[in-house]
Amino acid sequence: MTRRALVCAVLATTSVWAHAQSIVMSSTTSTEQSGLFAHLLPAFKKASGLDVKVVALGTGQALDMARRGDADVVFVHDQVAEEKFVADGFGIKRLPVMYNDFVLIGPKADPAATRGKDIVSALTRLSKANAAFVSRGDKSGTHAAELRYWKTANLETAKGSAYRECGCGMGPALNMAASTGAYVLADRATWLNFKNRVDLAILVEGDNRLFNQYGVMVVNPAKHAHVKQADAQKFVDWITSAAGQSVIADYKIGGEQLFFPNAGK
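Since this is a predicted model, take the numbers as computed values, not measurements.

A. Focus on the overall build of the protein chain. A count of helices and strands for the protein chain gives eleven helices and twelve strands. Dimensions along the principal axes, computed over C-alpha positions, put the protein chain at roughly 80 × 40 × 40 Å. For the protein chain, buried positions account for 50% of its 265 residues. Nonlocal contacts in the protein chain, meaning residues at least 24 apart in sequence, comprise 75% of its contacts between residues at least 6 apart. In the protein chain, which carries 30 positive and 24 negative side-chain charges, the distance between the mean positions of the two groups comes to 3 Å.

B. The state of the cysteines, seen in detail. Applying the stated criterion across every chain, the model contains one disulfide. Between the sulfur atoms of Cys 166 and its disulfide partner Cys 168 the distance amounts to 2.0 Å. Because the torsion about its S-S bond is -80°, the bridge between Cys 166 and Cys 168 counts as left-handed. Looking at Cys 168, the relative accessible area reads 14%, which means it is buried.

C. How the structure looks around the pattern of salt bridges. One pass over the structure, following the stated rule, counts 13 salt bridges. One salt bridge connects Asp 64 with Lys 139, and the closest N-O pair in it is separated by 3.0 Å. Taken together, the residues span a long stretch of sequence, with Asp 64 in helix H4 (residues 59-67) and Lys 139 in the loop between strand E5 (133-135) and helix H7 (141-152) at a distance of 75 residues. Its salt-bridge partner being Asp 118, residue Arg 209 comes within 3.1 Å of it at the nearest N-O pair. Of this pair, Arg 209 sits in the loop between strand E8 (200-204) and strand E9 (211-218) while Asp 118 sits in the loop between strand E4 (95-107) and helix H6 (119-129), and the two are 91 residues apart along the sequence.

D. The arrangement of the pairing of strand E3 (residues 73-76) in detail. A two-sided burial pattern is seen for E3, the buried positions comprising Val 73 and Phe 75 on one face and Val 74 and Val 76 on the other. The pairing of strand E1 (residues 22-28) with E3 spans three bridges and is parallel. The partner of Ser 26 across the bridge, within E3, is Val 74. Sheet analysis places E3 next to E9, joined by four bridges and oriented antiparallel. By the bridge assignment for E9, Val 73 is matched with Val 218.

E. Inspection of the nonpolar core at higher detail. If you look at the biggest cluster of nonpolar residues, it comprises 43 residues, and the most contacted ones within it are Phe 75, Phe 235, Ile 239 and Phe 259. Those residues in contact with Ile 239, other than ones at most four positions away along the chain, are Leu 40, Phe 75, Val 97, Val 216, Gly 244, Gln 245 and Ile 248. By size, the runner-up hydrophobic cluster in this structure holds 21 residues, among which are Tyr 149, Trp 150, Ala 153 and Leu 210.

F. Main features of the packing of helix H3 (residues 36-48) against helix H11 (residues 242-250). Contact pair H3 / H11: the axes reach a minimum separation of 9 Å and the direction vectors enclose 155°. In terms of their interaxial angle, H3 and H11 are classed as roughly antiparallel. Note that H3 runs across H11; the crossing there is right-handed. On the side of H3, the interface is formed by His 39, Leu 40 and Ala 43, while H11 contributes Gly 244, Val 247, Ile 248 and Asp 250. Considering only residue class, the contact of H3 with H11 consists of four nonpolar, two polar and one charged.

G. Seen up close, the packing of aromatic side chains. All told, the structure shown has 13 aromatic pairs when counted by the stated rule. Relative to Trp 150, the ring of Phe 133 lies with its centre 5.7 Å away and its plane at 75°, an arrangement referred to as edge-to-face. Of the two residues, Phe 133 is situated in strand E5 and Trp 150 in helix H7; the sequence distance between them amounts to 17 residues. Each member of the pair, Phe 133 as well as Trp 150, carries the same accessibility label: buried. An angle of 85° between the planes, with centres 5.6 Å apart, marks the rings of Tyr 214 and Phe 259 as edge-to-face.

H. Just the side chain of His 143, in detail. Following the sequence through the fold, His 143 ends up in helix H7. A polar contact is formed between the side chain of His 143 and the backbone nitrogen of Lys 139, at a distance of 3.1 Å. The residues contacting His 143, other than those within four sequence positions of it, are Ser 135, Arg 136, Gly 137, Asp 138 and Glu 165.

I. Looking closely at the environment of Tyr 163. By secondary structure assignment, the location of Tyr 163 is in strand E6 (residues 163-165). For the pair Tyr 163 and Ala 243, spaced 80 residues apart in sequence, the C-alpha separation works out to 43 Å. Within the structure, the side chain of Tyr 163 is placed 3.1 Å from the side chain of Ser 135, a separation counted as a polar contact.

J. Broad picture of the side chain of Asp 207. Checked against the element boundaries, Asp 207 lands in the loop between E8 and E9. Classification of Asp 207 as buried rests on a relative accessible area of 11%. Setting aside anything within four residues of it in sequence, one finds Asp 207 in contact with Lys 117, Asp 118 and Ile 119.

What counts as what
Residues numbered from 1 in each chain as written. Predicted model: local features only at pLDDT ≥ 70, side-chain atom pairs only at ≥ 80, totals over all residues. Heavy atoms only, no water. Helix = DSSP H or I, 4+ residues; strand = E, 2+ residues; numbered from the N terminus. Buried < 20%, exposed > 50% of the residue type's maximum accessible area, 1.4 Å probe, protein only. Contact = heavy atoms within 4.5 Å. Lys, Arg positive; Asp, Glu negative; His and termini not counted. Charge placed at Lys NZ, Arg CZ, Asp CG, Glu CD. Disulfide = S-S within 2.5 Å. Salt bridge = Lys/Arg side-chain N within 4 Å of Asp/Glu carboxyl O. Pairing = 2+ DSSP bridges. Core = buried A, V, L, I, M, F, W, Y, C linked by side-chain atoms within 4.5 Å. Axes fitted to C-alpha atoms, helices over the stretch in contact; angles between N-to-C directions. Parallel < 35°, antiparallel > 145°, perpendicular 65-115°, else oblique. Left-handed = near helix turned anticlockwise from the far one by under 90°. Nonpolar A, V, L, I, M, F, W, Y, C, P; charged D, E, K, R; others polar. Phe/Tyr/Trp six-rings, centres within 6.5 Å; stacked < 30°, edge-to-face > 60°. Polar contact = N/O pair within 3.5 Å; in protein donor to acceptor, adjacent residues only side chain to side chain.

This is how it looks when you write it as structure tokens:
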């Protein structure tokens, strides 16, 4: 073998090895923009040697990406959609990982008088006041939850003319609300990591309906043979293990815990 051929063979082997040492995860903007992955993934790499390439989208888009075979593992927060994903054969098994909650954010002055613990009552007041509201409008877990709350309030078609869909992630939606003095439903973790609050504040929290569960699934190689099932399973096993759950619990901002591990419950 010539020296050039040897170098080419080594480079090819190195390229294959490097490719094999990473997996692609489709996930939500809330796990990315809250800073969780910057905290979590280095610990996983230390434990496994694997890199995780995260594509942060709304939950619906993250699941669609996995359906196309463009991800090895999915980490999202819309249990109904996740269970359908598995039932349709695209995911091997859904496992709970952690939870936090949704909160209604709005101007501190709260012109629509929404402040309290009842999200349905708050949306009813927003509708009556025709208050400005920024919706994710992106098929995300947060968007799906918001639509459920409007439906529970029997206001699916009466959100008001000031209701706007941005088709964007949680951070941009919060930025829009901050710049326009609008209300917005957010996950608490992204809110805690959000810097551009202006005069926004949490107005509604504590309603049991605001519970926000996250789940993880390995993409089924029976649908897409190229899926790195073994490596993806290593991530699932680690994040649901005592070690991974401890890393999740350790992530705090200003002393406040952002996510609460509940794998196996």
